[in-house]
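Residues per chain, in single letters:
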Amino acid sequence: MSALTFTVKQETAQRVDMSPLVCQLLKDMNLADIAAIELQNGKRKIRADELFEITGSDTQNIVIKNSFAKLDFIAKGLQDGNVTVVGEAGAYLALGMKSGMVTVNGNVGLYAACEMKKGLLTIRGNAGDFLGAALPGNKQGMKGGTVLVKGNVGQRAGDHMRRGTMLIEGNAGDYCGSRMIAGTIAVMGYTGRFLGYAMQRGTLLLWQQPTLSATFNDCGSHTLAFLPILFKSFARLDSKFAQKSEAFSRVQRYGGDMAEKGRAEVLVRLDRRAAQSNTAFSAVNFH
Amino acid sequence: MIINGVSIDETFAEAFPMKATRAIITAQNEKWAMISAQAMTGFATSVIACGCEAGIERVLDPSETPDGRPGVSVLIFAMGGKGLAKQLETRAGQCVLTSPTSALFAGIDEGLQIPLGKNLRYFGDGFQIAKKIDGKRYWRVPVMDGEFLTEATTGRVDAVGGGNFLVLAESQPQALAACEAAIVEMKKLPNVIMPFPGGVVRSGSKVGSKYPALGASTNDAFCPTLKGITKTDLSPEIESVMEIVIDGLTKEDIDKAMRVGIQAVCDLGAENGIKRISAGNYGGKLGPFHFHLQEIMA
């Protein structure tokens, strides 16, 4: 069976709610039924075949081609199955995803992996603000699974994050790990201002020395036994994180946020710490 | 059946069902992993009075351990699940948590999950950190030498305890030498432990006693000094009997260990004073697993 493929015919002026086009909702549906699904497009509804050319039949393996940044809620609540996005994705990518695998070849918008529970989300481009965060008003963000971003991420990555792993090969914007409850965020690039703001528990694993607020205290340099196990778990990923040369266990440990519970930690790689400070680094903006 | 002049009795060893788990202890080097493992498996020769039977299964290469450090795997057996969980937790807390540079991991993934470091984390007094990696929960407990890393749970499986065979020899040194040779070979096998001191027990027991309070007492039929005054199972030339007890994760593991051990004893043969191989047969009173010596050696 070939993958169920949605190829965008023409980009719309208004945003599109893609949440009906998710594997578990399309199961056992034929192409005619899928074509007739109505999608919210701004104020009006449009048929799926009005926006997409639909081919293939494997509903557990969905491909969205020519995707653009106004396609929101792709793979919302995904339960098993694969979703591949060729192009960009809009806001709320993989919102509340329960399991399965989502891969986006381009950039994605706000709130990707928001309240995600399990599975693997790979973003080959950049991600917008509030990656893995909680919906506005909610108290818990991402609760499990792995998010891999090959590019940069915006502000407030991991805001209210509860559990899971967020791997960022590029830079992270301001307030990375803000109000984080627990979990792990690893950033190979630079991090912005207010790192770990009001962070309660959890780990920020950094390759570059950050600018830390006065409410994070230096706990000294340490060799931590859990790090080799953590890096071993990255081995299956198509990522720099899987490279043995990037693994380390020797870190400088900072505890904080002392203005909050103070049980969180920022671990900074020690063996090849970047010589240059990133104080000149400002917020990452790309949208 | 006679092998190299050693007579193999037409009898069987009786064994009983147990619950078991495996833990992996790692440390900065093999020396400290072994020290911790020896402490954890100390005073664990028999469930009669120790609460569990435990032993070192084998030394692990760094490539075999979860954290890439030298390690030792230990097996712990108990009569019931609750007893096993209690012994595991107590021993992990007092012997591994306390041991410098140690870390503790599950050695069995399947089966019912029982606490390994799940409750030891409270030693961290609120400073402990949980990490869930690849579906497994770990606890990082701050201690004075750095951090004690432990997996939260380990798997509990059904197992078999009390597999055994007796070595009957013309002298005490010859019996001991034969048992030592057997233990060397048996220790090469996975999934089994020989829980008694050095793997050998000289005080084999029978079920029951003339004293009502005791459930087991000396196996007088195999005591050489009682040959003339009890219903003995020994011929005149037998001066010493020693037993090797085996606990294994499966019946097949014990089968294999007994075969390897008995073969090692028989290799020494009658010329080294080894006369017979027998087994602890309690007439079906002890347990449902029967290991027939001649079938095993066939």
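The residue numbering used here restarts from 1 in each chain and proceeds along that chain's sequence as written. All chains are assigned letters beginning at A, and all ligands numbers beginning at 1, according to the order in which they are written. The model is predicted, so local features are restricted to residues of pLDDT at least 70 and side-chain atom pairs to those at 80 or more, both for listing and for counting; the totals for chains, interfaces and linings are taken over all residues.

**Student:** So what's going on with the overall build of chain B? Which residues, and what values?
**Tutor:** Counting its secondary structure elements, chain B contains five helices and 17 strands. In this description the radius of gyration comes from C-alpha coordinates, and the expected globular size is given by 2.2 Å times residues to the power 0.38. In terms of C-alpha radius of gyration, chain B reaches 21 Å, essentially the compact-globule figure of 19 Å for 298 residues. Using C-beta atoms placed from the backbone, we call a residue buried if 20 or more other C-beta atoms fall within 10 Å of its own, exposed if 12 or fewer do, and partly exposed for counts in between. Expressed as a percentage of the 298 residues in chain B, the buried residues total 45%. Where helices and strands are cited, they refer to DSSP runs of H or I of at least four residues and of E of at least two residues respectively, numbered from the N terminus.

**Student:** Could you give an account of the domain arrangement of chain B, naming the residues involved and the relevant values?
**Tutor:** Residue and element names in this part refer to chain B. Under the domain assignment used here, chain B contains domain 1 (2-14 + 160-297) and domain 2 (18-157). Each domain span listed reflects an automatic or database assignment of domains. Computed from C-alpha atoms alone, the centre-to-centre distance between domain 1 and domain 2 is 31 Å. Across the boundary between the two partners, domain 1 contributes 11 residues, which contact 13 residues of domain 2. Distance between backbone-placed C-beta atoms decides contact: two residues are in contact if it is within 7 Å.

**Student:** Tell me about the interface of chain A and chain B, and name the residues and values.
**Tutor:** If you look at the interface, chain A gives nine residues, while chain B gives 13 residues. Broken down by element, the side of chain A that touches chain B gets its largest block of residues, five residues, from helix α4 (residues 226-233) of chain A. All amino acids are sorted into three groups, where Ala, Val, Leu, Ile, Met, Phe, Trp, Tyr, Cys and Pro are nonpolar, Asp, Glu, Lys and Arg are charged, and the leftover types, Gly among them, are polar. Across the side of chain A that touches chain B, the residue classes tally to six nonpolar, two polar and one charged.

**Student:** Describe in detail unusual backbone geometry, supporting the description with residues and values.
**Tutor:** Comment: phi is negative for the bulk of residues other than glycine, and the bulk of peptide bonds are trans. Residue and element names in this part refer to chain A. In this structure, Asp257 follows Gly256 across a cis peptide bond, with omega equal to -15°. By the element assignment, Asp257 lies in the loop between β16 (250-256) and β17 (264-269). The phi torsion at Tyr175 lies on the positive side, around 60°, for a residue other than glycine. Mapping Tyr175 onto the fold places it in the loop between β12 (165-168) and β13 (184-187).

**Student:** Outline the pairing of strand β3 (residues 38-41) of chain A, listing residues and values.
**Tutor:** Residues and elements named next belong to chain A. In short, DSSP must find at least two bridges between two strands for them to pair. As judged from the four bridges shared by β3 and strand β4 (residues 44-47), these two strands associate in the antiparallel manner. When the sheet's bridge partners are listed, Asn41 is paired in β4 with Arg44. Where β3 folds back on β4, the antiparallel hairpin that results is connected by two residues, among which Gly42 adopts a positive phi of roughly 60°.

**Student:** Explain the nonpolar core to me, using residue names and the numbers behind them.
**Tutor:** The tendency in soluble globular proteins is for nonpolar side chains to be buried side by side. Counting 171 residues, the largest nonpolar core has A:Ala94, B:Ile25, B:Val167 and B:Val265 as its most contacted members. Counting residues domain by domain, this core receives three or more from each of domain 1 (2-14 + 160-297) and domain 2 (18-157) of chain B. Leaving out residues up to four positions away in the same chain, B:Ile25 has contacts with B:Ala33, B:Ser36, B:Ala37, B:Met40, B:Gly71, B:Val72, B:Val74, B:Val96, B:Ser102 and B:Leu104. Any set of buried Ala, Val, Leu, Ile, Met, Phe, Trp, Tyr and Cys residues joined through C-beta atoms within 7 Å is what this text calls a nonpolar core.

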